[in-house]
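Overview (structure and organization)
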Amino acid sequence: MAQILAPSTQWQIRMTKNCVNANPCTTKMWDSMFLKQKTKGAVKVSTRFRVCSQQSVSSTVNRLDDLLNMDIRPYTDKIIAEYIWIGGTGIDIRSKSRTIPKPVEDPSQLPKWNYDGSSTGQAPGEDSEVILYPQSIFKDPFRGGNNILVICDSYTPGGEPIPTNKRHRAAEIFSNQKVIDEVPWFGIEQEYTLLQPNVKWPLGWPVGAYPGPQGPYYCAAGADKSFGRDISDAHYKACLYAGINISGTNGEVMPGQWEYQVGPSVGIEAGDHIWCSRYILERITEQAGVVLSLDPKPIEGDWNGAGCHTNYSTKSMREDGGFEVIKKAILNLSLRHKDHISAYGEGNERRLTGKHETASIDTFSWGVANRGCSVRVGRETEKQGKGITTYQYPKLSYQGKRYLEDRRPASNMDPYVVTSLLAETTILWEPTLEAEALAAQKLALKV
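Residues numbered from 1 in each chain as written. Predicted model: local features only at pLDDT ≥ 70, side-chain atom pairs only at ≥ 80, totals over all residues. Heavy atoms only, no water.

1. Here's the deal with the packing of aromatic side chains
We describe a pair of aromatic rings using the distance from one ring centre to the other and the angle between the two ring planes. Applying the stated rule across the entire model yields eleven aromatic pairs. Ring geometry for F174 versus F186: centroids 5.9 Å apart, planes at 80°, classification edge-to-face. Remark: F186 occurs in strand β6 (residues 185-196) and F174 occurs in helix α3 (residues 166-174); sequence separation between them is twelve residues. When its relative accessible area of 10% is taken as the criterion, F174 is described as buried. Each member of the aromatic cluster is reached from another via a ring pair, and the members are W201, W205, Y210 and W303. Between the NZ or CZ atom of R283 and the centre of the ring of F142, over which it lies, the distance is 4.2 Å. The residue whose ring lies beneath R336 is W429, and the NZ or CZ to ring-centre distance is 5.4 Å. (Phe/Tyr/Trp six-rings, centres within 6.5 Å; stacked < 30°, edge-to-face > 60°. Helix = DSSP H or I, 4+ residues; strand = E, 2+ residues; numbered from the N terminus. Buried < 20%, exposed > 50% of the residue type's maximum accessible area, 1.4 Å probe, protein only. Lys NZ or Arg CZ within 6 Å of the ring centre and 35° of its normal.)

Spelled out as structure tokens, the structure:
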């Protein structure tokens with residue numbers, strides 16, 4: 001961590017030894033993130049001026065810290081709701097706050113709101129009003145108390161979903177009775193890269209140069225191998241507090257890159273939880289003065305990219321004989337490979353090269369325990385002949401047994417799009433018998 005640039009003023013304001021422990025994610029959690037600046041070699045000033053200056057700054061910091069960590073519950077029934085939505089790029093996250101008269105337990109109890117869509121690339125200036133519909137509620141780990149984070153989607157004043165509202169279409173798919181009956185489970189592995197501010201170079205890397213080659217960094221410990229652990233741990237705890245179904249985290253193959261897993265989640269819940277977890281990660285890196293990147297290939301060359309592998313199963317797959325259902329799903333996925341690739345994240349062609357634990361973007365493939373395939377099946381799944389149970393979700397629970405893992409999605413994918421497309425292709429979509437037979441022969445699948 002010694003190579004991190006000095007904390008921003010915003011972060012320094014929040015750093016204090018004697019903070020009030022009102023909220024679960026106060027500054028004490030991240031107090032160890034940066035090395036303290038040393039006073040040796042400082043500009044010479046009089047002792048009196050230096051002492052007075054330090055006292056003044058310390059007093060201001062303490063007052064701000066007291067206000068930031070204040071528990072307002074003894075003074076008012078009102079709460080703060082942070083409305084969160086996806087911006088015009090399809091990957092940027094926006095939010096703003098409003099006061100709600102009393103605590104709520106369901107998004108239906110919250111009012112709709114609006115924002116200026118012309119400032120987010122989602123509406124023209126002459127007709128810029130976009131309406132926010134509250135869809136999912138999480139506890140706010142930054143403000144604590146009864147305050148909440150609210151995942152919203154966006155509509156025109158006439159009630160039509162705007163083009164960047166991918167949640168609306170996903171909700172339609174997940175509300176189809178055939179999909180409901182199959183109880184689709186998702187476990188999503190979100191990879192991300194931490195960058196040094198200003199230079200936009202990975203955390204822990206010498207500026208303008210490279211560390212040693214990949215190998216010692218994956219799941220490693222040590223100041224010369226693990227960069228950004230405090231951010232990962234802070235995010236982990238904040239997600240647990242918020243009610244996000246986060247199930248694990250680890251350092252990745254490329255130094256400065258991390259992964260966390262969310263799931264198992266059912267249906268539309270998977271997208272809501274990933275988007276909220278991304279928002280929390282953006283806020284934590286903002287406070288830490290570190291830049292979050294979801295670029296699928298942040299550093300060119302012999303370095304791993306960043307993906308968002310999506311583990312998936314249905315009720316039929318989890319029952320006896322489920323491996324045959326898995327193979328039929330793989331068959332369908334192969335026939336719609338181009339449709340999935342086009343929806344799996346921008347810039348994914350830089351990542352899916354056939355190297356660094358990826359398959360080629362141009363060719364669909366599958367295999368057992370093969371990380372170089374488009375879709376991977378775990379050995380336990382093949383052995384048992386069925387998918388995961390409630391205590392066997394891949395990377396997401398106690399026994400770590402894997403299942404159908406779609407390794408194609410990029411780190412910047414939209415989880416609403418990916419999860420609903422998987423459900424549509426494997427549950428609702430039916431290929432022609434001729435196409436199915438040709439694909440089965442090509443993939444050596446007997447279904």
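Moving on from the coordinates now.
2. Here's the deal with the pairing of strand β3 (residues 113-116)
Two faces belong to every sheet, and in a regular strand the side chains alternate between them. Burial of β3 is one-sided: the residues W113 and Y115 facing one way are buried, the residues N114 and D116 facing the other way are not. Where β3 and strand β4 (residues 129-139) come together, four bridges link them in antiparallel fashion. In the sheet register, N114 faces β4, and the bridge partner there is I131. (Pairing = 2+ DSSP bridges.)

3. So, helix α12 (residues 433-443)
Working note: α-helix, 3.6 residues per turn, so residues spaced by three or four point in the same direction. Buried within α12 we find E436, A439, A440 and L443. Along the axis of α12, the buried residues cluster in a sector spanning 100°; they form a single face. Exposed and oriented more than 90 degrees from the buried face of α12 are E434, L438, Q441 and K442. Each element contacted by the buried residues of α12 is listed here: α8 (322-335) and β12 (366-368). Phi turns positive one or two residues past the end of α12, at A444, with a value near 60°. (Arc of directions from axis to C-beta. Contact = heavy atoms within 4.5 Å.)

4. Some points on the environment of F364
With respect to the element layout, F364 can be found in the loop between α9 (337-342) and β12. Among all residues touching F364, those that are not within four sequence positions of it are I330, L333, S334, H337, S374, V375, R408 and L443.

5. Points about the sheet that holds β3
Strand order in the open sheet formed by five strands is β2-β1-β5-β4-β3, and the pairing between neighbours is mixed. Both edges of this open sheet fall to β2 (93-100) and β3, since each of them pairs with a single strand only. When the angles between neighbouring strand axes are averaged without regard to direction, this sheet yields 40°. Taken together, the eight bridges between β4 and strand β5 (residues 148-155) define a ladder with antiparallel strand orientation. If you follow P134 over to β5, its bridge partner there is C152. (Axes fitted to C-alpha atoms, helices over the stretch in contact; angles between N-to-C directions.)

6. Comments concerning the confidence of the model for the chain
Taken as a whole, the chain shows an average pLDDT of 86; of its residues, 83% reach a score of 70 or greater. Under a pLDDT of 50 for its full length, residues 27-53 has, in the predicted model, 39 contacts with residues more than four places off or in other chains. Ignoring residues within four places in sequence, the model shows residues 389-402, a span with pLDDT below 50, making 50 contacts including any to other chains. (pLDDT = per-residue confidence, 0-100.)

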